[in-house]
Number of protein chains: 2
Amino acid sequence: MEFGKLSKTELKTLQAQLAKKFDACKAMGLKLNMARGKPSAEQLDLSLDMLDQITSRSNVVLPDGTDCRNYGLADGLPEMRGMLGKMMGLPAENVIVGGNSSLNMMFDAISCCMTHGLPGGKPWCLEEHRKFLCPSPGYDRHFGVTEYFGFELITVPMLPTGPDMDVVEKLVFSDPDIKGIWCVPKYSNPTGITYSDETVRRFAALKPAAPDFRIFWDNAYCVHDLTDTPDHLLNLWDECQKAGNPDLPVFFASTSKITFPGAGVAAMGASDNNLQVFRKHYKYQTIGPDKLNQLRHLLFLKKVGGIPAQMCRQRAIIAPKFEAVEQIFEQELAGKGVAAWTKPNGGYFISVDVTPGCAKRTVALCKEAGVTLTGAGATFPYHKDPQDSNIRVAPTYPPLEEVKQAAKLFCLCAQMAVCEKLLES
Amino acid sequence: MEFGKLSKTELKTLQAQLAKKFDACKAMGLKLNMARGKPSAEQLDLSLDMLDQITSRSNVVLPDGTDCRNYGLADGLPEMRGMLGKMMGLPAENVIVGGNSSLNMMFDAISCCMTHGLPGGKPWCLEEHRKFLCPSPGYDRHFGVTEYFGFELITVPMLPTGPDMDVVEKLVFSDPDIKGIWCVPKYSNPTGITYSDETVRRFAALKPAAPDFRIFWDNAYCVHDLTDTPDHLLNLWDECQKAGNPDLPVFFASTSKITFPGAGVAAMGASDNNLQVFRKHYKYQTIGPDKLNQLRHLLFLKKVGGIPAQMCRQRAIIAPKFEAVEQIFEQELAGKGVAAWTKPNGGYFISVDVTPGCAKRTVALCKEAGVTLTGAGATFPYHKDPQDSNIRVAPTYPPLEEVKQAAKLFCLCAQMAVCEKLLES
């Protein structure tokens, strides 16, 4: 029963049925939040033991004499650089482990380029026009950073293989005002896809017009598998070395969704040439990161059998939520021509494309019935989805039963929105 | 026996005696560091209990439902904002509690002004000439931040009452390129003096030519008293309110020298107008600070009876080191016309002015015998002390006995340097 094939009379009947269900939902007084990629309390409990790793009886002095309580060690604990470097696919010596937020490290990297620039270019703040590529749908906070710094945000379509590389190559090759591109290469936010090998190789082989063009490779979900058939991402570091483009990418990751979102450990990585610029920035910015929290992470993650083991425990909590949402979407929406959605092998999001022109209305209806979703349009530059179609669904935060309720409500609201739209036309 | 009054022959005899002692010192193979204002291991042990405040059995969820492990709360824990606000003399609602480094917050504040500017001005990066006032001797890392951002650093003489306000007022009033001034108002780094009431009032009453001029008030040693007659600093926040200049200052402080230097909690404070600018910056930069470490601090500091009680315990360790250095300086240097030094009531430094032209040589001799001091000149813009006279002595880090050894060596080296100088002339 495709909605588009229904007569106006049939649609009106349907609308009345949906409205009745909606009123019943509203009467339940739901108060659920599926807006952000936020781990649930149950997930956070997985890392509670981390808090016992350093206590008053611990040894906080490393074998080399470094007292983790005191100042210093701007690059972070060497062993932590190794652990996160391995996770990111980078040599430890090219990794800087920082504070609790990889977003902060990305922001600082852009800020550093704004005020000081990169080899071959001038400070970006002195560029009259500066532009940044934003594969969309994408991560709103990425886009926000470059919007804050006055970049023109240029939408690049997202394909099942990653950003449309024909578009990327053409733009980057021809326009020296384009200084970078935001990428979430594995389990992309929000579409959940992983860049294909060809996409990664084409990134590594880019020939940008701007000598100071950089790929901001936010590998936020690099170990966040949810199924027995996880995606595999080609290593951009290796590919860039092969392609003779080692300075092209800057890598980011964190333990925010491995341990604690608010008290995790973030890392960045880059070539020696790039690190020379960023290390100078950090040299003036701080006397060093919180090494105790790094030590806490190191001891805990080793104790639980490493990052992969910890991620298995995370998966056990998250995967059923994704499965539940997909099952409900399948039951409620399949064959109706109302929406298409992704079935990711990992990450934090399901991306839904409702009938164009219906995303805002769907989100508003959900809100009315007590379920907060990411604002429609948030996944596009300037919060403007040209199709008004994409909605990011984040199933991790509420408990499973609530996720189910929310998913059902979502399906109802999407159908209502499409009904309305069809009746208008 | 003033060195300046000795004959060349007498100086040569003296020089030979000093050289003999110096060789004996060198033979001891010392390896001491008095370069940085760094707490000792003994001081760090005072806060070890902090690590037991949050463990796997703790409640990490605040009464209002905030889970300290998760994302959010960009301004920091409300109760921590209150505690640090009280310490800084600011209302809690005008305080942002951040990560582990107040230097980082200062850097970010300057960086924010560079790229985005303040009300009434344009982004500082677009100012052709930008200048910053640096009361000297002062804190090298302050000067470094503004040097990194391309400011011309203008030296302002430090008096026993604080920066020479005649100079400050005249410069700030007449030159719109001057965007700010660095201040360590209590137990100043390195002179140890506290700004007089008049100085604070004159700061509050400044009429800068630049509408976006700001006072960077780094109250790093606000509770770091070392004697029974602590200095009292007038509250600049209050004075600025009275003077109708609430937007003039930006305040900074941290627990780096209250708990752990590498894993403390930093804070900044400012008027609503200023915070509007900085909060926007933080909104894009991070999803929130490490609230677990803030909670850890809150619980620990309350448990030990508050910040003042904790500082009494710090004083018990540090004060004897300051007393020892002062006593040795008195014994070895008094009446010789070789050096003058400060006797601070708090803070982390003793500032020594050796005979002009002798600072670098003194530091080099100390180094030769195994004692690392802050580089001569470091306390001035561009690391250039026009007199080559000032040396910052930081007695906190080594154990007491080593501090004594280092102080004795320092006296020896200062005398040697002055001897050489006099024999040259």
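Residues numbered from 1 in each chain as written. Chains lettered and ligands numbered in written order. Predicted model: local features only at pLDDT ≥ 70, side-chain atom pairs only at ≥ 80, totals over all residues. Heavy atoms only, no water.

Novice: I'd love a proper account of the overall build of chain A, names of residues and values included.
Specialist: Along its length, chain A carries 13 helices and 13 strands. For 425 residues, the compact-globule estimate of 2.2 N^0.38 gives 22 Å, and the C-alpha radius of gyration of chain A, at 23 Å, lies within 12% of that figure. With respect to the three principal axes, the spread of C-alpha positions in chain A is 75 × 55 × 35 Å. When each of the 425 residues of chain A is scored for burial, the buried share is 62%. Restricting to contacts in chain A with at least 6 residues of sequence separation, those with at least 24 account for 77%. About 15600 Å² of surface is accessible on chain A, with carbon and sulfur atoms providing 53% of the total. One finds the centroid of the 46 positive side-chain charges in chain A at a distance of 4 Å from the centroid of its 47 negative side-chain charges. (Helix = DSSP H or I, 4+ residues; strand = E, 2+ residues; numbered from the N terminus. Rg over C-alpha atoms; globule rule 2.2 N^0.38 Å. Buried < 20%, exposed > 50% of the residue type's maximum accessible area, 1.4 Å probe, protein only. Contact = heavy atoms within 4.5 Å. Areas by Shrake-Rupley, 256 points an atom, 1.4 Å probe, with all protein chains shown as cover. Lys, Arg positive; Asp, Glu negative; His and termini not counted. Charge placed at Lys NZ, Arg CZ, Asp CG, Glu CD.)

Novice: Before we move on, can you summarise the domain arrangement of chain A with the specific residues and values?
Specialist: Residues and elements named next belong to chain A. Looking at chain A, the domain boundaries give domain 1 (3–43 + 315–424) and domain 2 (50–307). For domain 1 versus domain 2, the separation of C-alpha centres amounts to 31 Å. Contact with domain 1, which involves 23 residues of that partner, is made by 30 residues of domain 2. Summed over both partners, the interface of domain 1 with domain 2 comes to about 2200 Å²; 57% of that surface belongs to carbon and sulfur atoms. Broken down residue by residue, the surface that domain 1 buries against domain 2 is led by Arg315, Asn345 and Tyr382, which jointly contribute 29%. Close ionic contact of aspartate 228 with arginine 315 constitutes a salt bridge, the shortest N to O distance being 2.8 Å. Of all the secondary-structure elements, those providing two or more residues to the side of domain 1 that touches domain 2 are helix 11 (307–333), strand 11 (350–354) and strand 13 (390–393). Ranked by residues supplied to the side of domain 1 that touches domain 2, first place goes to helix 11 with 4 residues. Across the side of domain 1 that touches domain 2, the residue classes break down as 12 nonpolar, 8 polar and 3 charged. (Domains from an automatic or database assignment. Buried area = accessible area lost by both parts, 1.4 Å probe. Salt bridge = Lys/Arg side-chain N within 4 Å of Asp/Glu carboxyl O. Nonpolar A, V, L, I, M, F, W, Y, C, P; charged D, E, K, R; others polar.)

Novice: Tell me what's going on with the packing of helix 4 (residues 102–116) of chain B against helix 9 (residues 272–285) of chain B, and back it up with residues and numbers.
Specialist: Any two packed helices are characterised by the angle at which their axes cross and by the distance between the axes. Residues and elements named next belong to chain B. Closest axis-to-axis distance for the helix 4/helix 9 pair is 10 Å, and the angle between their directions is 105°. Classed by the angle they form, the pair helix 4 and helix 9 counts as roughly perpendicular. Residues Met105, Asp108, Ala109, Cys112 and Cys113 of helix 4 pack against Val277, Phe278, His281, Tyr282 and Gln285 of helix 9. When grouped by side-chain class, the residues that make up the contact of helix 4 with helix 9 number 7 nonpolar, 2 polar and 1 charged. (Axes fitted to C-alpha atoms, helices over the stretch in contact; angles between N-to-C directions. Parallel < 35°, antiparallel > 145°, perpendicular 65-115°, else oblique.)

Novice: Lay out the sheet that holds strand 11 of chain A in plain terms, naming residues and giving numbers.
Specialist: Residues and elements named next belong to chain A. The 3 strands lie next to each other as 10-11-13, forming an open sheet whose pairing is antiparallel. In this open sheet, the two strands that pair with only one neighbour each are strand 10 (339–341) and strand 13. The mean angle between the axes of side-by-side strands here comes to 25°, regardless of whether they run parallel or antiparallel. Two strands pair when backbone bridges link them, and strand 10 and strand 11 are joined in this way by 3 bridges, in the antiparallel orientation. Among the inter-strand pairings, alanine 340 is bridged to a residue of strand 11, identified as aspartate 353. (Pairing = 2+ DSSP bridges.)

Novice: Summarise the interface of chain B and chain A; cite the residues concerned and give the values.
Specialist: Across the boundary between the two partners, chain B contributes 58 residues, which contact 58 residues of chain A. When chain B packs against chain A, the two sides together hide about 4800 Å² of surface, and 57% of this comes from carbon and sulfur. Looking only at chain B, the three residues that lose the most surface to chain A are Arg69, Tyr71 and Tyr148 of chain B, adding up to 17% of its buried area. Note that arginine 69 of chain B and aspartate 45 of chain A form a salt bridge whose closest N and O atoms lie 2.7 Å from each other. At the surface where chain B touches chain A, the tally comes to 21 residue pairs in polar contact (both at pLDDT 80 or more). (Polar contact = N/O pair within 3.5 Å; in protein donor to acceptor, adjacent residues only side chain to side chain.)

Novice: So what's going on with the sheet that holds strand 8 (residues 249–254) of chain A? Residues and values would help.
Specialist: Residue and element names in this part refer to chain A. Pairing within the open sheet is mixed, and its 8 strands lie in the order 2-9-8-7-6-3-4-5. Bordering the open sheet on either side are strand 2 (95–97) and strand 5 (162–163), each of which pairs with just one other strand. For strand 3 (residues 131–136) and strand 6 (residues 178–183), the ladder comprises 3 bridges, and the chain directions are parallel. When the sheet's bridge partners are listed, phenylalanine 132 is paired in strand 6 with glycine 180.

Novice: Go over the packing of helix 5 (residues 140–148) of chain A against helix 9 of chain B with me, naming the residues and quoting the values.
Specialist: Direction vectors running N to C along helix 5 of chain A and helix 9 of chain B enclose 140°, while the axes themselves pass 9 Å from each other. By the angle between their directions, the pair helix 5 of chain A and helix 9 of chain B is classed as oblique. Contact residues: helix 5 of chain A offers Arg141, Gly144, Val145 and Tyr148 of chain A, while helix 9 of chain B offers Lys280, His281, Lys283 and Tyr284 of chain B.

Novice: For the pattern of salt bridges, give the residues involved together with the corresponding values.
Specialist: Going through the model one piece at a time under the given rule, you end up with 44 salt bridges over all chains. Ionic pairing is found between lysine 5 of chain A and glutamate 2 of chain A, a salt bridge with its closest N-O pair at 3.9 Å. Residue glutamate 2 of chain A is classed as partly exposed on the basis of its relative accessible area of 39%. For the salt bridge of glutamate 368 of chain B with lysine 26 of chain B, the shortest nitrogen-to-oxygen distance reads 2.9 Å. With glutamate 368 of chain B in helix 12 (residues 359–368) and lysine 26 of chain B in helix 1 (residues 8–27), the pair connects residues that are 342 residues apart, well separated along the chain. Within this structure, Asp166, Glu169, Glu198 and Arg202 of chain A form a network of salt bridges that share partners.

Novice: An account of the relation of the copies chain B and chain A is requested, with residue identities and associated values reported.
Specialist: Superposition record for chain B on chain A: RMSD 0.0 Å, screw rotation 180°, translation along axis 0.0 Å. Such a turn and shift between the copies fits a two-fold axis. Most of the interface of chain B is mirrored in chain A: 100% of its interface residues are interface residues there too. (Least-squares fit on C-alpha atoms with pLDDT ≥ 70 in both.)

Novice: So, the packing of aromatic side chains: which residues are in play, and what are the values?
Specialist: Residue and element names in this part refer to chain A. Taken as a whole, this structure holds 36 aromatic pairs over all chains when the rule is applied. The interplanar angle of 85° and the centroid separation of 5.7 Å between the aromatic rings of tryptophan 124 and phenylalanine 151 together place this pair among those described as edge-to-face. In this pair, tryptophan 124 sits in the loop between helix 4 (102–116) and strand 3 while phenylalanine 151 sits in the loop between helix 5 and strand 4 (152–159), placing the two residues 27 residues apart along the sequence. Here the two residues tryptophan 124 and phenylalanine 151 agree in accessibility, since each one is buried. Centre to centre, the rings of tyrosine 148 and phenylalanine 149 are 5.1 Å apart; their planes meet at 70°, and the pair counts as edge-to-face. Accessibility expressed as a relative area gives 2% for phenylalanine 149, which makes it buried. Members of the aromatic cluster, connected to one another through ring pairs, are Trp124, Phe132, Phe151, Trp182, Phe216 and Phe252. The ring of phenylalanine 151 has arginine 130 lying over it, and the distance from NZ or CZ to the ring centre is 5.7 Å. The ring centre of tyrosine 348 lies 5.3 Å from the NZ or CZ of lysine 257, which sits over that ring. (Phe/Tyr/Trp six-rings, centres within 6.5 Å; stacked < 30°, edge-to-face > 60°. Lys NZ or Arg CZ within 6 Å of the ring centre and 35° of its normal.)

Novice: Lay out the side chain of serine 102 of chain A in plain terms, naming residues and giving numbers.
Specialist: All names here are of chain A. Tracing the chain through its elements places serine 102 in helix 4. By relative accessible area, serine 102 is classed as buried at 12%. If near-sequence neighbours (up to four positions away) are discounted, serine 102 is found in contact with Phe252, Ala253, Ser254 and Ala266.

Novice: Tell me about the pairing of strand 6 of chain A, and please be specific about residues and values.
Specialist: All names here are of chain A. With 6 of its 6 residues buried, strand 6 lies for the most part within the structure. Inspection of the sheet shows strand 6 paired to strand 7 (residues 214–218) by 4 bridges, in the parallel sense. Note that in strand 7 the partner of tryptophan 182 across the bridge is phenylalanine 216. Taking the sense of rotation as the criterion, the β-α-β connection linking strand 6, helix 7 (residues 197–204) and strand 7 turns out right-handed. (Right-handed = clockwise from strand over helix to strand, strands pointing away.)

Novice: I'd like a description of unusual backbone geometry, backed by residues and values.
Specialist: In the segment running from asparagine 189 of chain A into proline 190 of chain A, the intervening peptide bond is cis, with an omega of 10°. Within the secondary structure, proline 190 of chain A is located in the loop between strand 6 and helix 7. With a phi angle near 60°, tyrosine 382 of chain B is a residue other than glycine that sits in the positive phi range. Mapped onto the fold, tyrosine 382 of chain B is located in the loop between strand 12 (371–373) and strand 13 (390–393). At histidine 383 of chain B, a position not held by glycine, the phi torsion is positive, near 60°. As for its position among the elements, histidine 383 of chain B is in the loop between strand 12 and strand 13. Among the residues examined, histidine 383 of chain B registers a relative accessible area of 47% and is labelled partly exposed.

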